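Examination of the molecular architecture
Spelled out, the chains give:
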Amino acid sequence: MKNAVHLKSPQGWINDPNGFIYYKGEYHLFYQHFPYAPVWGRMHWGHAVSNDLLHWEHKSIALFPSKKDDRSGCFSGSAVEHDGKLYLFYTGVNYTEEDPENINLYLNNDFTAAQLMITSDDGVRFDNINDKRTVIPPLTDKNIGCGINTRDPKVWRGNDAWYMVLGSTSDNKGRVLLYKSTDLTRWEYMSFAEKDGFGWGWECPDYFKVDESGVLIISPMGFINGGKKYNEITVCVLADFSEKDCTMRLSDNYQLLDCGQDLYAPQSTTDEDGRRILVAWARMPEPMDGFRIGMFCMPRIVEVKNKHIYFRPHPNVEGRFTKKISDTSEADENGYKIVLELKNGDSIDIGGYVLERRDNKIYADRSAVFAGHDEIKCRFKTPEICDGERLDIYVDKNLIEVYINNGEYVLTNVVYGLSGDIRAKDYELYTIAY
Ligand code: FRU
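Just so it is clear, the structure is predicted and the values come from calculations on it, not from any experiment.

Near the ligand lie 13 residues; those nearest to it are Asp 16, Gln 32, Arg 151, Asp 152 and Glu 203. Contacts to the ligand include Arg 151, whose side-chain N or O atom sits 2.7 Å from an oxygen atom. Note that an oxygen atom of the ligand is positioned 2.6 Å from one of the side-chain N or O atoms of Glu 203. Compared with its free state, where it exposes 320 Å², the ligand has 92% of that area covered by protein. Its residues assigned to classes, the shell around the ligand shows 6 nonpolar, 3 polar and 4 charged.

Pasting the structure below:
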């Protein structure tokens, strides 16, 4: 069976989703990949395709280091289609000094970061030797951004031009940089946007418009959140982007991408029906099956109602969990879905992962299924819930996604060693119907 529901690495290491796009009738999802071991290292772009957002077929590696500007790794980036061609934009890094004991890592936190472009006629074949070009060299003006920590180009088509947002830092404060181009190859720096109290540097920005609202998603580094490991958590802010002068205004409020705080570095695109969809990396402290680490949450539809951002499961995935079962042992390897109404005072224990509703908030506790990872948070809660009591919970061996009221909030957690027992008052169980 193909890799379904949650995209996982075929082997080795996965982090951020990259170049997510519906292109020539298929979804292409690239990802940060170190193919040789389940550790972060010299980054390649792995590649998977899907025609339904449920099943993923792994392709051969799309990008690998080959130029001076990307000799130490092909970092994150995005894709656009233009005149039938696929264009990938990404950050190439070049370490000033490699760690002699592991040449895939740098010493002294010193490297250059440039923005590169590569194209493809079919979305599958890339000429890593002849077709890469540097479109934005490493920054030298500190007032704009840092020459090291400026990365992760997200490109989109505006009305009259192409736009790019980059994650960056200046004066120890995170920011995004905005660039403009009319031909995809010459990029002009236009402006920056920043926000107080959101860490020292921003990674993986994504900007899009949905339901008439502009949304900026950023993954800040050093965002203070209890001081536990993974204090880098992804946040969403409503944003006004003006194409006329290429400036972005960020709202004061923010929302977490996911209340479980394991998801990071998401990337969005539009699906074949034009809906905004998003996937994100689920950070894992230890490998699954011993040899591979990292996976993505299932594709989510992004909607904005009354200034609140909703993330609900994509209907292509949700719509397939229709086979009713009475016990978790009847589920296949892609897991199962639990549907229930959780009222104040109620709880559900899913093989050791506990959810409880109190004061109209959902509390999650994974301490029984996350042994040995005390440095990472185990208890989470949502803000107060407005819309109702329904939970749709997707349970995979190593990832639980809890959708509250069809996406008012989502709480996603990595787990290890779940049992098959469920304890709750009333619930329904489903698995994928083939
Ligand atoms: C985020 C990130 C990106 C970078 C990539 C490197 O997880 O640090 O900013 O491009 O991972 O793998």
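We are not done yet, so read on.
Pairing between strand 30 (residues 353-358) and strand 31 (residues 361-365): 5 bridges, direction antiparallel. Considered in strand 31, the bridge of Val 354 is made with Asp 365. Linking strand 30 to strand 31, which pair antiparallel, is a turn of 2 residues; within it Asp 359 sits at a positive phi near 45°.

Here we come to a nonpolar patch on the surface. A surface patch of nonpolar side chains, about 250 Å² in accessible area, is lined by Ile 61, Phe 64 and Ile 129. One can find Ile 129 in the loop between strand 10 (111-120) and strand 11 (133-136). Taking the relative accessible area as the measure of exposure, Ile 129 reaches 51% and is therefore exposed.

The next subject is the environment of Arg 358. As for its position among the elements, Arg 358 is in strand 30. Judged by its relative accessible area of 36%, Arg 358 falls in the partly exposed class. Between the C-alpha atom of Arg 358 and that of Gly 345, which follows or precedes it by 13 residues, the distance is 5.6 Å. When near neighbours in sequence (up to four residues on either side) are disregarded, Arg 358 contacts Asn 344 and Tyr 363.

Throughout the structure, instances matching the rule amount to 25 aromatic pairs. Aromatic side chains Trp 40 and Phe 75 sit 5.8 Å apart centroid to centroid with 70° between the ring planes, which places their arrangement in the edge-to-face category. Highlighted residues: Trp 40 in the loop between strand 3 (26-34) and strand 4 (44-50) and Phe 75 in strand 6 (residues 73-82), separated in sequence by 35 residues. For Phe 75, a relative accessible area of 8% puts it in the buried group. Taken together, Phe 30, Trp 45, Tyr 90 and Phe 126 form an aromatic cluster joined through their ring pairs. Seen from the ring of Trp 162, Arg 157 lies directly overhead, with NZ or CZ sitting 4.8 Å from the centre.

Turning our attention to the pairing of strand 14 (residues 173-181). For strand 14, the buried fraction is high: 7 of the 9 residues fall into the buried class. Alignment of strand 13 (residues 162-170) against strand 14, held across 9 bridges, turns out to be antiparallel. What sits directly across from Leu 166, in strand 14, is Leu 177. Where strand 13 folds back onto strand 14 in an antiparallel hairpin, the turn is made up of 2 residues, including Asp 171, whose phi is positive at roughly 55°. Pairing between strand 14 and strand 15 (residues 188-194): 6 bridges, direction antiparallel. Opposite Val 176, over in strand 15, you have Ala 193 as the bridge partner. Between the end of strand 14 and the start of strand 15, which pair antiparallel, lie 6 residues, with Leu 184 showing a positive phi angle near 70°.

With that out of the way, let us pick up the pattern of salt bridges. Enumeration over the complete set of coordinates arrives at 30 salt bridges. Asp 273 serves as the salt-bridge partner of Arg 275, at 3.2 Å between the closest nitrogen and oxygen. Take Arg 275: its relative accessible area is 27%, and that puts it in the partly exposed class. Taken together, the shared-partner salt bridges connect Lys 173, Arg 175, Glu 194 and Asp 196 into one network.

Criteria and cut-off values
Residues numbered from 1 in each chain as written. Predicted model: local features only at pLDDT ≥ 70, side-chain atom pairs only at ≥ 80, totals over all residues. Heavy atoms only, no water. Near = heavy atom within 4 Å. Polar contact = N/O pair within 3.5 Å; in protein donor to acceptor, adjacent residues only side chain to side chain. Areas by Shrake-Rupley, 256 points an atom, 1.4 Å probe, with all protein chains shown as cover. Nonpolar A, V, L, I, M, F, W, Y, C, P; charged D, E, K, R; others polar. Pairing = 2+ DSSP bridges. Helix = DSSP H or I, 4+ residues; strand = E, 2+ residues; numbered from the N terminus. Patch = residues over 30% accessible without salt bridge, like charges linked within 9 Å, V, L, I, M, F, W, Y side chains within 5 Å. Salt bridge = Lys/Arg side-chain N within 4 Å of Asp/Glu carboxyl O. Buried < 20%, exposed > 50% of the residue type's maximum accessible area, 1.4 Å probe, protein only. Contact = heavy atoms within 4.5 Å. Phe/Tyr/Trp six-rings, centres within 6.5 Å; stacked < 30°, edge-to-face > 60°. Lys NZ or Arg CZ within 6 Å of the ring centre and 35° of its normal.

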